[in-house]
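Spelled out from the first residue to the last, the chains are:
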Amino acid sequence: MSLTRRDALRTALLAAGSTLAAPAIMRHAALGAAPIKVAGIHDASGGLDIYGKPMVATLEFAIDELNAGGGLLGRQIELINYDPQSNIQLYTQYATQAATKDHVAVVHGGITSASREAIRPILRRFRTLYFYNTQYEGGVCDQNCFCTGSTPAQNVQKLIPYALKTWGKKVYILAADYNYGQITAKWITKYTRDGGGEVLAADFFPLDVTNFGPTITKIQAAKPDMVISALVGGAHISFYRQWAAAGMKKQIPMGSTTLGVGNEHILLSKEEGDGIVCAFSYFQEVDNPLNKAFLEKFHAKMGANAPYISELPMRTYIGVNLWAEGVRRAKSIDRMKVIKALEGGISLDTPAGKTTLDPQTNHTTLDVYLAQVENQAFKVLDTFPDQPPLDTQSVCNLIKNPNIDKQFVVDVKI
């Protein structure tokens, strides 16, 4: 079912007086053994849908792929997709429903760290396994939660040294005003100072801010060698457009820890986006046989509706396959049996490269790529294989302390 058809279905339900308490999609299993229920909670509408829609697409693709291969444990998989509409209250509502009413085996969901921290304690309380498949600021330490995306010690640590070497030593930071942006700004500052650089200023913006004129004036006055952006969401794309319109793109180069994961590089014109440098654990342009095969199959299935695949949808695809491998090894969907199997050293060769679960943190060791926007696509500049989640490893040890349940804010010395 395409995203367009799903949106149409939702509109029809609302017109009939229905509420969104029901899941947006339910992919029913074939007759026979009871299906294994899996829930997805992603923003398919609202201000964060630029991230959510591609994640939903690869989640559905991964489940369909598993079902086409016979399912798991001789059972088909039933996917229930919820759309929280970029609303934290709906995130908590749907997490509770998935765990207590639908009795799903696992939830794959959450985009912002705020949404993760809204549903993570609910799913732990109701003993429902949780996969958070998003690049984020690190520090989550919870045996029930598996974080498959890259963290600052994996991505920011590659971006900043390149920027300092290429552009200069004076950095101006722009970031979203919530835990991801605030903590990532600290990591940017740390790696800048480690490289002998200086952060001139760090400005933070709520997700709904669209006017960056005063900020651009401040940057012009500060005269940095570069701007590093950790802006988030559909509203913040306005900055890149206003930056280019002010003639600043030709004067001061830019790196970003977020641009591209919401397909912003496609929405921006060549004049607005070219030259911005990013580091993630996946770009659609990664050149390896598994990625070529994945994209060919994905595009054949999705057709004209196929979105660009960035780190977030790819980590969603990988997260589903990591969970599936845990179920196979556990020979069960029992939560603790699957957790023990996942913590037993699972490693997969994926379109993004090799991904290995780290049993100390329930995060992943993964490949990281440095790339630059070029003609509304990414040109991969460098590859860094097998990067461990050193930031989270510095504060989390689930092997020694499996009952820990918190997000540590890593003590970044700045």
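Residues numbered from 1 in each chain as written. Predicted model: local features only at pLDDT ≥ 70, side-chain atom pairs only at ≥ 80, totals over all residues. Heavy atoms only, no water.

Chemist: Talk me through the pairing of strand β9 (residues 198-205); I want residue IDs and the actual numbers.
Modeler: Sheet analysis places strand β8 (residues 170-176) next to β9, joined by seven bridges and oriented parallel. Each bridged residue has a counterpart across the sheet, and for Leu174 the counterpart in β9 is Asp203. (Pairing = 2+ DSSP bridges. Helix = DSSP H or I, 4+ residues; strand = E, 2+ residues; numbered from the N terminus.)

Chemist: Would you mind going over the packing of aromatic side chains in detail, with residue names and values included?
Modeler: Applying the stated criterion across every chain, the model contains 18 aromatic pairs. Ring centres of Phe61 and Phe294 lie 5.6 Å apart, and the angle between their planes is 90°; on these two criteria the pair is classed as edge-to-face. Remark: Phe294 occurs in helix α11 (residues 289-302) and Phe61 occurs in helix α2 (residues 49-68); sequence separation between them is 233 residues. Residue classification places Phe61 among the buried residues on the basis of a relative accessible area of 4%. A centroid spacing of 4.6 Å and a plane angle of 50° characterise the contact between Phe283 and Phe378, whose relative ring orientation is tilted. Pair noted here: Phe283 is in the loop between β12 (277-280) and α11 and Phe378 is in strand β16 (residues 377-387), with a separation of 95 residues, a long-range link. Members of the aromatic cluster, joined through ring pairs, are Phe205, Phe212, Phe239, Tyr240 and Trp243. When the ring centre of Tyr132 is taken as origin, the NZ or CZ atom of Arg116, which lies over that ring, is 4.9 Å away. Positioned above the aromatic ring of Phe384, the side-chain terminus of Lys158 is 5.5 Å from the ring centre. (Phe/Tyr/Trp six-rings, centres within 6.5 Å; stacked < 30°, edge-to-face > 60°. Buried < 20%, exposed > 50% of the residue type's maximum accessible area, 1.4 Å probe, protein only. Lys NZ or Arg CZ within 6 Å of the ring centre and 35° of its normal.)

Chemist: Tell me about the packing of helix α3 (residues 88-100) against helix α4 (residues 113-125), and name the residues and values.
Modeler: Here α3 crosses α4 at 30°, and the two axes come no closer than 9 Å. Considering their axes alone, α3 and α4 lie roughly parallel with respect to each other. Crossing of α3 over α4 shows right-handed handedness. Taking contact as the criterion, the partners of Ile88, Tyr91, Thr92, Ala95, Thr96 and Ala99 in α3 are, on α4, Ala114, Ser115, Ala118, Ile119, Ile122 and Leu123. Taken together, the residues of the contact of α3 with α4 break down into nine nonpolar, three polar and no charged. (Axes fitted to C-alpha atoms, helices over the stretch in contact; angles between N-to-C directions. Parallel < 35°, antiparallel > 145°, perpendicular 65-115°, else oblique. Left-handed = near helix turned anticlockwise from the far one by under 90°. Contact = heavy atoms within 4.5 Å. Nonpolar A, V, L, I, M, F, W, Y, C, P; charged D, E, K, R; others polar.)

Chemist: Let's hear about α2: which residues, and what values?
Modeler: Over its 20 residues, α2 extends 28 Å from the first C-alpha to the last, a length consistent with the 28 Å expected when each residue adds 1.5 Å. Burial within α2 is extensive, with 16 of its 20 residues counted as buried. At the C-terminal side of α2, Gly70 shows a positive phi close to 105°. (Expected span 1.5 Å × (residues − 1).)

Chemist: Just give me the short version of the domain arrangement of the chain, but keep the residues and values in it.
Modeler: Partitioning the chain into structural domains gives domain 1 (27-151 + 286-369 + 385-407) and domain 2 (156-280). One C-alpha centre belongs to domain 1, the other to domain 2, and the line joining them spans 28 Å. Counting across the domain 1 and domain 2 interface gives zero salt bridges. For the interface between domain 1 and domain 2, the tally reads eight residue pairs in polar contact (both at pLDDT 80 or more). Elements with a contribution of two residues or more to the side of domain 1 that touches domain 2: α2, α4, α12 (311-330) and β15 (363-374). Residue classes in the side of domain 1 that touches domain 2 are distributed as eleven nonpolar, eight polar and five charged. (Domains from an automatic or database assignment. Salt bridge = Lys/Arg side-chain N within 4 Å of Asp/Glu carboxyl O. Polar contact = N/O pair within 3.5 Å; in protein donor to acceptor, adjacent residues only side chain to side chain.)

Chemist: Lay out the pattern of salt bridges in plain terms, naming residues and giving numbers.
Modeler: Using the criterion set out here, one finds 17 salt bridges in the structure. For Glu117, the salt bridge is made with Arg116, and the minimal N-O distance between the two is 2.7 Å. On the basis of relative accessibility, which here comes to 0%, the residue Arg116 falls in the buried class. With its nearest N and O atoms 3.8 Å apart, the salt bridge here joins Glu272 to Arg241. Taken together, the positions of Glu272 in helix α10 (residues 270-273) and Arg241 in helix α8 (residues 237-245) put the pair 31 residues apart, joining distant regions of the chain.

Chemist: Now, about α3: what can you tell me, with residues and values included?
Modeler: For α3, spanning 13 residues, the distance from its first C-alpha to its last is 18 Å, which sits close to the expected 18 Å at 1.5 Å a residue. Those residues of α3 that fall on the buried side of the exposure criterion are Leu90, Tyr91, Tyr94, Ala95, Gln97, Ala98 and Ala99. If you follow the buried residues of α3, they end up packed against β2 (36-41), β3 (77-82), β4 (106-109) and α4.

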